[in-house]
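The primary structure of each chain is shown beneath.
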Amino acid sequence: MQTMPAHAAHHQDNEIETLEEFDAIVSARGTLAGFRVQAVDLTDRTRELLTTDTAGAVFLGCRMREEAAAKVRAAGALVFPPVPDLPFDPYRGHVYTPGELFASLDKGYEQTPDALAYAWFQQTKADGDVYASMLRSVHDDSVSDALDELLRGTRVVGVMGGHAMARGTQAYERAARLGRALARAGFTVATGGGPGAMEAANLGAYAAPYDDAMLEDACQLLGKAPSFTPSITDWARCAFEVRERWPKGNHSVGIPTWFYGHEPPNAFASHIAKYFANATREDGLLARSNAGVVFLPGAAGTVQEVFDNATPNYYESRGEPTPMVLVDRVHWTERLPVWPLLQSLARNRSMETRIALVDHVEEAPEALVRLARTTVG
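Residues numbered from 1 in each chain as written. Predicted model: local features only at pLDDT ≥ 70, side-chain atom pairs only at ≥ 80, totals over all residues. Heavy atoms only, no water.

A. Structural context of the packing of aromatic side chains. Using the criterion set out here, one finds 13 aromatic pairs in the structure. With a centroid separation of 4.8 Å and an interplanar angle of 80 degrees, the aromatic rings of Tyr 314 and Tyr 315 are classed as edge-to-face. Of the residues examined, Tyr 315 reaches a relative accessible area of 58% and is grouped as exposed. Members of the aromatic cluster, each reached through a chain of ring pairs, are Phe 88, Tyr 96, Trp 120, Phe 121, Trp 258 and Phe 276. Stacked on the ring of Tyr 96, the Lys or Arg Arg 92 has its end atom at 3.7 Å from the ring centre. Across the ring face of Phe 121, the terminal group of Lys 125 is positioned such that the distance to the ring centre comes to 5.3 Å. (Phe/Tyr/Trp six-rings, centres within 6.5 Å; stacked < 30°, edge-to-face > 60°. Buried < 20%, exposed > 50% of the residue type's maximum accessible area, 1.4 Å probe, protein only. Lys NZ or Arg CZ within 6 Å of the ring centre and 35° of its normal.)

B. Up close: the environment of Thr 97. When you line up the elements, Thr 97 lands in the loop between β4 (78-80) and α4 (98-101). Considered as a pair, Thr 97 and Pro 230 are 133 residues apart in the sequence and their alpha carbons are 24 Å apart. What Thr 97 contacts, discounting residues up to four positions off in sequence, is Ser 270 and Ile 272. (Helix = DSSP H or I, 4+ residues; strand = E, 2+ residues; numbered from the N terminus. Contact = heavy atoms within 4.5 Å.)

C. The arrangement of the packing of helix α9 (residues 212-222) against helix α10 (residues 232-245) in detail. At a minimum axis distance of 9 Å, the contact between α9 and α10 shows a crossing angle of 150 degrees. Between α9 and α10, the angle falls in the class roughly antiparallel. The two elements α9 and α10 meet at a crossing, and its hand is right-handed. For the pair formed by α9 and α10, the contact residues are Asp 217, Ala 218, Leu 221 and Leu 222 on the first element and Cys 238, Ala 239, Glu 241, Val 242 and Arg 245 on the second. The class makeup of the residues in the contact of α9 with α10 is six nonpolar, no polar and three charged. (Axes fitted to C-alpha atoms, helices over the stretch in contact; angles between N-to-C directions. Parallel < 35°, antiparallel > 145°, perpendicular 65-115°, else oblique. Left-handed = near helix turned anticlockwise from the far one by under 90°. Nonpolar A, V, L, I, M, F, W, Y, C, P; charged D, E, K, R; others polar.)

D. Up close: the pairing of strand β6 (residues 188-191). Residues Thr 188 and Ala 190 of β6 are buried on one face, and the alternating residues Val 189 and Thr 191, pointing to the opposite face, are buried as well. For the crossover from strand β5 (residues 156-160) across helix α7 (residues 170-184) to β6, the handedness is right-handed. Alignment of β6 against strand β7 (residues 253-254), held across two bridges, turns out to be parallel. Residue pairing across strands places Ala 190 opposite Val 253, the latter belonging to β7. (Right-handed = clockwise from strand over helix to strand, strands pointing away. Pairing = 2+ DSSP bridges.)

E. Spatial organisation of the sheet that holds β6. Judged by pairing direction, the sheet is parallel, and its seven strands sit side by side in the order β8-β7-β6-β5-β9-β10-β11 without closing on themselves. Of all the strands in the sheet, just β8 (271-272) and β11 (355-358) have a single pairing partner and so form its edges. Where β5 and β6 come together, four bridges link them in parallel fashion. In the strand pairing of β6, Gly 158 is matched with Ala 190. Contacting β5, β9 (293-295) and β10 (324-327), helix α12 (residues 300-315) crosses the sheet at an angle of about 150 degrees to β9.

F. Here's a closer look at unusual backbone geometry. Between Thr 229 and the following residue, Pro 230, the backbone shows a cis peptide bond with an omega angle of 10 degrees. Its identity is not glycine, yet Asp 85 carries a phi of approximately 65 degrees, on the positive side. Structurally, Asp 85 can be placed in the loop between β4 and α4. Unlike most non-glycine residues, Asp 328 shows phi in positive territory, near 100 degrees. Assignment of secondary structure puts Asp 328 in the loop between β10 and α13 (329-335).

Below is the structure:
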């Protein structure tokens, strides 16, 4: 399994995203000049702020005492203060965790930060307020920056599939086995971060360190709440029950959106990059899948993702085409005949050697590796 690098080891050298990093920089360098300090609570670092050079520094959403804020501004720093009464931090320096988004789940999903952020989005998205849209944009850009830092140096495989796939079904267990096989092959699994096939793939990646019995027991336990309807609370609680019973799961990434607020994020992605703008999320997920994408059976959304991925491969706008593996021959040739169109698009182009159609999820990891070895050109 691939180890995801430690966050602090590979973000930009001039970014400070934790109090520990702040203390280390002040101690080692004696200056904050030119640094970007992102969403760090500095209320207990007034002495350091008063005595350290902050010329050209930028403080994004950092709490600090008024005398410290006045001093750093006077010394030439830019200060973007925290925004009061928001259910999210637009300047956040890290992607989300399941525990963060589902905090207060014991009071019901409606009380979680995830649900409160969606409620805020619903209230503000239609009023045309430039302030609210700016906050959403700053948040999404911060999440993209954090996601890039997290994934640098990793081989990411995207797994796409529909949200309607129910827990407790054979299809769900097969998708989980796919996620597990990809994780065991050394890939970082990335999904759209929602329910159904997306959750199954994240669950599989989580289960990678465990044996077959664990995955079977987990799927059975999750089957008590097959869908996020009628109760997101019950659905999410089942997932956390699995996590508590088997706490040492492997990492993976979920990239969901509040645009589809009726779909909650799944709790098996260890790192969740949640966006307000669905277009940013869709493109970001596919663009970061540098080791290829596996497409499980899905409907309109998954069809769109196939061609969203095929387009840059066709034009080579992101460089060399990346592997695309479609799973379930009947689905992609008869129910929704995407494969013949994809073949026609690819014909006589470099991407022709980077697409494959397989019958079963078990064949997908080998197909990815085989396509990646194929010489383009």
